[in-house]
Amino acid sequence: MLGGKNILFHNDGPDTSGQWHFSDVTARSGPITEPIRSFGTFFFDYDNDGWEDLLVFGYYLPNGVGDVAADYMGLPNGGAKPKLYHNNRDGTFSDVTEAMHLNRICHTMGHNYGDLDNDGWLDFYCGTGDPDFKTLIPNRMFRNANGKFFQDVTTATGTGHIQKGHGVAFADLDDDGDQDVYIVMGGAFSGDRARNALYLNPGNTNRWLKLKLVGTKSNRPAIGARIKVALQTPAGPRELYRTVSSGGSFGSNPLRQEIGLGDATAITTVEIRWPGSDTRQTLTALELNHSYQIREGDQTAMVLKLHPVILNHTGPSADRPKLQAKQ
């Protein structure tokens, strides 16, 4: 909430008449009311334990770019910082912002998350949106280091665009197995225009899996479905968790799930819990680096034949370890 305490509502479901109800659980959920001056927020499972955590972005710069410069230099400043709340699995959350290295100014309006390097850990990108020229500051990209902390990889990826960032999407736009990043630029006024940016992912050697879910008893796009992917890796079994959603706010990821599998050597099972119907479905015999459509209730998955698109670009060589910007 921009200027007040944030509020968390629990979905209690429908009553006997079919009316849906939500209850305010803020007081019993832990220290989740800050930052007081905040804007965007999303739930995502940053530590891959199957329980969704909560990230809330600060949105306040009393001294404009001066606060941002001070923050980069480790000096005191008045800018609002984000808050990352870890899900304790009992209805409460814990503030882990400093432990996860996120106690820094992002001043975020548009934002979203995805997996830049297909390692199975969710990364995120912050776009600024303030129309004031005093806040022409870089957008920021953060990489998830195995769920232990976040690394600021803005410079390494070349994604520190200084125009105002609104809608952000992580999506494999050229269907080559890795997620690219698209961001809508420009301010809130009719004369405040900037060209949007598409960052082409140079790729990696990690494996991936794409899943398009189709509900029958559940809603057709399967929004809210929970997915667990069990893998075999050189280090032993590994499990990955995803929830079907469009991601953050002021932007939208594909509902088709694009899941990085790291160094997996095989997919053991894919388990789906369908929303609404609460149907449980387990599939086997899925292959690495493949795309599938899974229909609720079917015993097998259908291979999706995708058609990669060549995205021409004139930026630095794709051999360099950074995202390639095309406007």
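The structure presented is a predicted model; accordingly, all values stated were derived computationally and were not measured.

*Asks:* Can you lay out the packing of aromatic side chains for me, pointing to particular residues and giving the numbers?
*Replies:* Going through the model one piece at a time under the given rule, you end up with 15 aromatic pairs. Relative to Tyr-46, the ring of Phe-44 has its centre 6.5 Å away and its plane inclined at 45 degrees; by these criteria the two rings are tilted. Relative to Phe-150, the ring of Phe-124 has its centre 5.2 Å away and its plane inclined at 65 degrees; by these criteria the two rings are edge-to-face. A residue pair is termed long-range when its members are at least 10 positions apart, and Phe-124 in strand E8 (residues 123-127) and Phe-150 in strand E10 (residues 149-152) qualify at 26 residues. Of the residues examined, Phe-150 reaches a relative accessible area of 1% and is grouped as buried. One aromatic cluster is present, formed by Phe-42, Phe-44, Tyr-46, Phe-57, Tyr-113, Phe-124, Phe-142 and Phe-150 through successive ring pairs. Its guanidinium or amino end placed over the ring of Tyr-60, Arg-37 lies 4.3 Å from that ring's centre, counting from NZ or CZ. Seen from the ring of Trp-208, Lys-210 lies directly overhead, with NZ or CZ sitting 5.4 Å from the centre.

*Asks:* So what's going on with unusual backbone geometry? Residues and values would help.
*Replies:* With an omega dihedral of 0 degrees, the bond running from Glu-34 to Pro-35 counts as a cis peptide bond. Positive phi, close to 60 degrees, is recorded for Ala-222, a residue that is not glycine. By the element assignment, Ala-222 lies in the loop between strand E14 (207-214) and strand E15 (226-233). Note on Ala-222: relative accessible area 0%, which makes it buried. Phi angles above zero are rare outside glycine, and Ala-285 is one such case at about 65 degrees.

*Asks:* Hey, could you go over the nonpolar core for me, with residue numbers and the actual values?
*Replies:* Grouped together as the largest cluster of nonpolar side chains are 21 residues, with contacts concentrated most on Leu-209, Leu-211, Leu-213, Val-229, Leu-261 and Val-270. Only E14, E15, strand E17 (257-262), strand E18 (266-273) and strand E20 (290-295) provide two or more residues apiece to this core. Excluding anything up to four places from it in sequence, Leu-213 contacts Arg-220, Pro-221, Ala-222, Ala-225, Ile-227, Val-244, Ile-272, Trp-274 and Ile-294. Counting 16 residues, the second largest nonpolar core, distinct from the first, contains Phe-42, Met-100, Tyr-113 and Phe-142.

*Asks:* Could you give me a rundown of the side chain of Asn-118, with the residues and numbers involved?
*Replies:* Secondary-structure assignment places Asn-118 in the loop between strand E7 (110-114) and E8. There is a polar contact of 2.9 Å between the side chain of Asn-118 and the backbone oxygen of Gly-177. With sequence-adjacent residues up to four places away left out, Asn-118 is seen in contact with Gly-177, Asp-178, Asn-204, Asn-206, Arg-207, Trp-208, Gly-260, Leu-261 and Gly-262.

*Asks:* So what's going on with the sheet that holds strand E4 (residues 53-58)? Residues and values would help.
*Replies:* Taken together, four strands build an open sheet; the order of strands is E3-E4-E5-E6 and the sheet is antiparallel. This sheet does not close on itself; its edge strands, each paired only once, are strand E3 (38-44) and strand E6 (93-95). This sheet shows a mean twist of 20 degrees between the axes of neighbouring strands, independent of strand direction.

*Asks:* Tell me about a nonpolar patch on the surface, residues and numbers included.
*Replies:* Together, Met-1, Ile-7, Phe-9, Trp-20 and Phe-22 make up a nonpolar patch on the protein surface, roughly 600 Å² of accessible area in all. Examined against the element boundaries, Trp-20 turns out to sit in strand E2 (residues 20-24). According to the relative accessible area criterion, Trp-20 is exposed, its value standing at 55%.

*Asks:* I'd like a rundown of the sheet that holds strand E21 (residues 302-303), residues and numbers included.
*Replies:* As summarised here, the arrangement of the four strands in space is E17-E14-E20-E21, forming an open sheet in which the pairing is mixed. Either end of the sheet is taken by a strand with one partner, and the two such strands are E17 and E21. Sheet topology note: the E14/E17 ladder contains five bridges and is antiparallel. By the bridge assignment for E17, Trp-208 is matched with Gly-260.

*Asks:* Could you give an account of the side chain of Thr-233, naming the residues involved and the relevant values?
*Replies:* Looking at the element boundaries, Thr-233 is found in strand E15. Taking the relative accessible area as the measure of exposure, Thr-233 reaches 13% and is therefore buried. A polar contact of 2.6 Å, which involves the side chain of Thr-233, links it to the backbone oxygen of Gly-236. Setting aside residues no more than four positions away along its own chain, Thr-233 makes contact with Arg-238, Asp-263, Ala-264 and Thr-265.

*Asks:* So what's going on with the environment of Val-303? Which residues, and what values?
*Replies:* Relative to the helices and strands, Val-303 is located in strand E21. In this structure the C-alpha to C-alpha distance between Val-303 and Gln-293, which are 10 residues apart in sequence, comes to 6.3 Å. When neighbours within four sequence positions are excluded, Val-303 is seen to be in contact with Ser-291 and Tyr-292.

*Asks:* Give me the lowdown on the pattern of salt bridges, citing residues and values where you can.
*Replies:* Oppositely charged side chains can pair when the atoms bearing their charge come close. Under the criterion given, the structure shown has 15 salt bridges. Among the ionic pairs, Arg-143 bridges to Asp-119, the shortest N-O distance being 3.4 Å. Taken together, the residues span a long stretch of sequence, with Arg-143 in strand E9 (residues 140-145) and Asp-119 in the loop between E7 and E8 at a distance of 24 residues. With a shortest N-O distance of 3.8 Å, Glu-271 and Lys-228 are connected by a salt bridge. Of this pair, Glu-271 sits in strand E18 while Lys-228 is found in strand E15, placing the two residues 43 residues apart along the sequence. The exposure class assigned to Glu-271 is partly exposed, which follows from its relative accessible area of 31%. By relative accessible area, Lys-228 is classed as partly exposed at 21%. Put simply, Asp-172, Asp-175, Lys-210, Arg-256 and Glu-258 are held in one network by salt bridges that share partners.

Reading the values: rules and limits
Residues numbered from 1 in each chain as written. Predicted model: local features only at pLDDT ≥ 70, side-chain atom pairs only at ≥ 80, totals over all residues. Heavy atoms only, no water. Phe/Tyr/Trp six-rings, centres within 6.5 Å; stacked < 30°, edge-to-face > 60°. Helix = DSSP H or I, 4+ residues; strand = E, 2+ residues; numbered from the N terminus. Buried < 20%, exposed > 50% of the residue type's maximum accessible area, 1.4 Å probe, protein only. Lys NZ or Arg CZ within 6 Å of the ring centre and 35° of its normal. Core = buried A, V, L, I, M, F, W, Y, C linked by side-chain atoms within 4.5 Å. Contact = heavy atoms within 4.5 Å. Polar contact = N/O pair within 3.5 Å; in protein donor to acceptor, adjacent residues only side chain to side chain. Pairing = 2+ DSSP bridges. Axes fitted to C-alpha atoms, helices over the stretch in contact; angles between N-to-C directions. Patch = residues over 30% accessible without salt bridge, like charges linked within 9 Å, V, L, I, M, F, W, Y side chains within 5 Å. Areas by Shrake-Rupley, 256 points an atom, 1.4 Å probe, with all protein chains shown as cover. Salt bridge = Lys/Arg side-chain N within 4 Å of Asp/Glu carboxyl O.

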